[in-house]
Amino acid sequence: MFTQTGNTADAVQLRAVHKVYGKRDNQVVALDGVTTRFGRGTFTAIMGPSGSGKSTLLQCAAGLDQPTSGSVLLEDHELSEMNETELTKLRRDRIGFIFQAFNLLPVLTVRQNVTLPLRLAGRKPAKGRVTEVLEQVGLAERSKHRPAELSGGQQQRVAIARALISNPAVIFADEPTGALDTRTARDVLGLLRRAAQATGQTIVMVTHDPVAASYADRVVFLADGRLVGELHSPTPESVAERMTHLGAFADDVPLASSATFVGGQR
Ligand SMILES: Nc1ncnc2c1ncn2[C@@H]1O[C@H](COP(=O)(O)OP(=O)(O)OP(=O)(O)O)[C@@H](O)[C@H]1O
Ligand SMILES: [Mg+2]
């Protein structure tokens, strides 16, 4: 049983995390010794080429997958020392996860989708809490609608409300704006940034987009399962430039345009 929430400045710590998929002659090293920390109330973006281990890092950090070796501490709890019941409780109470595909249930209304994790855990949201989070994501008026009646951005905001409902200490988001248009993406990123600034929640977000990454306090770069760099107070320009140097994003980034606003203001 874990009883305390820890008192270090870090919400999450990874120490020499390795993750190897597959058997002996068919192995893929997805994470090759990752050591890093995510401070409480910080917003970190994780970037790197396709296959560099970003989703694997997120899954291991969130206790959804187990490292092959190394350790993950979430609010000072060593995940590998917890049994499945304890892990389930920790994930339910302390962690929110937002996926690229929103993973909403089509037959449920917005309100029902948001409260589903709590109801699955046999609990009820506190009075007024559902309305509160729906207002936070700007969807209070749509609580009785079903996902198919909403735009992509609105659906992603439902998924964010679902992650926020239990007021988790850490929110992991895997390309949360990947399927959204620029404007809607901006709304969603603003929401995540406010969650870190206003409520001290820790946000760890995977993204391919330098503009999305610039909403974070820090960007960490992964390549071939290793951390290869870090940027503080990122701007779209500094992120794009770093990615160009890493040589990883030549196809993804409009280099001509990013070069024109190097040094410019957002
Ligand atoms: N279940 C699995 N079995 C075998 N290999 C896997 C599995 N999951 C991921 N991998 C491999 O591990 C490596 C890292 O995958 P991961 O999904 O973490 O990459 P990513 O950085 O999130 O990529 P993308 O940007 O394309 O989402 C890849 O080579 C991938 O093929
Ligand atoms: Mg991925």
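As named in an unreviewed UniProt entry, the protein is ABC transporter ATP-binding protein, taken from Phytoactinopolyspora halotolerans.

By the element assignment, Arg162 lies in helix 5 (residues 152-164). Classification of Arg162 as buried rests on a count of 24 C-beta atoms within 10 Å. Contacts of Arg162, omitting those with residues within four sequence positions, involve Asn113, Val114, Leu116 and Pro117.

Another aspect to go through is the nonpolar core. Membership of the largest hydrophobic core comes to 70 residues, with the highest contact counts inside it found for Ala61, Ala161, Phe172 and Leu192. By residue number, the principal contributor to this core is helix 6 (residues 182-199), which donates seven residues. If near-sequence neighbours (up to four positions away) are discounted, Ala61 is found in contact with Val12, Leu14, Val72, Phe172 and Val204.

Within a beta sheet, neighbouring strands are joined by backbone hydrogen bonds and run either parallel or antiparallel to one another. Ordered in space as 2-1-4-5, the four strands form an open sheet in which the pairing is antiparallel. On the outer flanks of this sheet lie strand 2 (28-39) and strand 5 (77-78), each paired with one strand and no other.

Moving on, we get to helix 4 (residues 129-136). If you check which residues of helix 4 are buried, you get Val130, Val133 and Leu134. What you see down the axis of helix 4 is that its buried residues fit within an arc of 100 degrees, all on one side. Where helix 4 ends, the next residue or the one after it, Gly138, has phi of about 75 degrees, a positive value.

Attention shifts here to the packing of helix 3 (residues 110-120) against helix 4. Running from N to C, helix 3 and helix 4 cross one another at 110 degrees; their axes reach a closest spacing of 11 Å. The angle between helix 3 and helix 4 falls in the class roughly perpendicular. Once helix 3 is placed against helix 4, the crossing between them reads as right-handed. On the side of helix 3, the interface is formed by Arg111, Val114 and Thr115, while helix 4 contributes Val130, Val133 and Leu134.

Here we take up the site of ligand 1. Neighbouring residues of ligand 1: Tyr21, Gly22, Val28, Ala30, Gly48, Ser50, Gly51, Ser52, Gly53, Lys54, Ser55 and Thr56. Secondary-structure elements contributing two or more residues to the shell around ligand 1 are strand 2 and helix 1 (54-61). Among the elements that take part in the shell around ligand 1, helix 1 stands out by supplying three residues, more than any other. Residues of the shell around ligand 1, tallied by class, amount to three nonpolar, eight polar and one charged.

Turning our eyes to something else, we now look at unusual backbone geometry. Even without a glycine there, the phi angle at Asn167 is positive, about 55 degrees. Looking at the element boundaries, Asn167 is found in the loop between helix 5 and strand 7 (170-174). Its 15 C-beta neighbours within 10 Å are what place Asn167 among the partly exposed residues. Backbone geometry at Asp224 places phi at a positive 50 degrees, although glycine is not the residue there. Inspection of the secondary structure puts Asp224 in the loop between strand 9 (218-223) and strand 10 (226-232).

Rules and cut-offs
Residues numbered from 1 in each chain as written. Chains lettered and ligands numbered in written order. Predicted model: local features only at pLDDT ≥ 70, side-chain atom pairs only at ≥ 80, totals over all residues. Helix = DSSP H or I, 4+ residues; strand = E, 2+ residues; numbered from the N terminus. Buried ≥ 20, exposed ≤ 12 C-beta atoms within 10 Å, placed from the backbone. Contact = placed C-beta atoms within 7 Å. Core = buried A, V, L, I, M, F, W, Y, C linked by C-beta atoms within 7 Å. Pairing = 2+ DSSP bridges. Arc of directions from axis to C-beta. Axes fitted to C-alpha atoms, helices over the stretch in contact; angles between N-to-C directions. Parallel < 35°, antiparallel > 145°, perpendicular 65-115°, else oblique. Left-handed = near helix turned anticlockwise from the far one by under 90°. Near = placed C-beta within 6 Å. Nonpolar A, V, L, I, M, F, W, Y, C, P; charged D, E, K, R; others polar.

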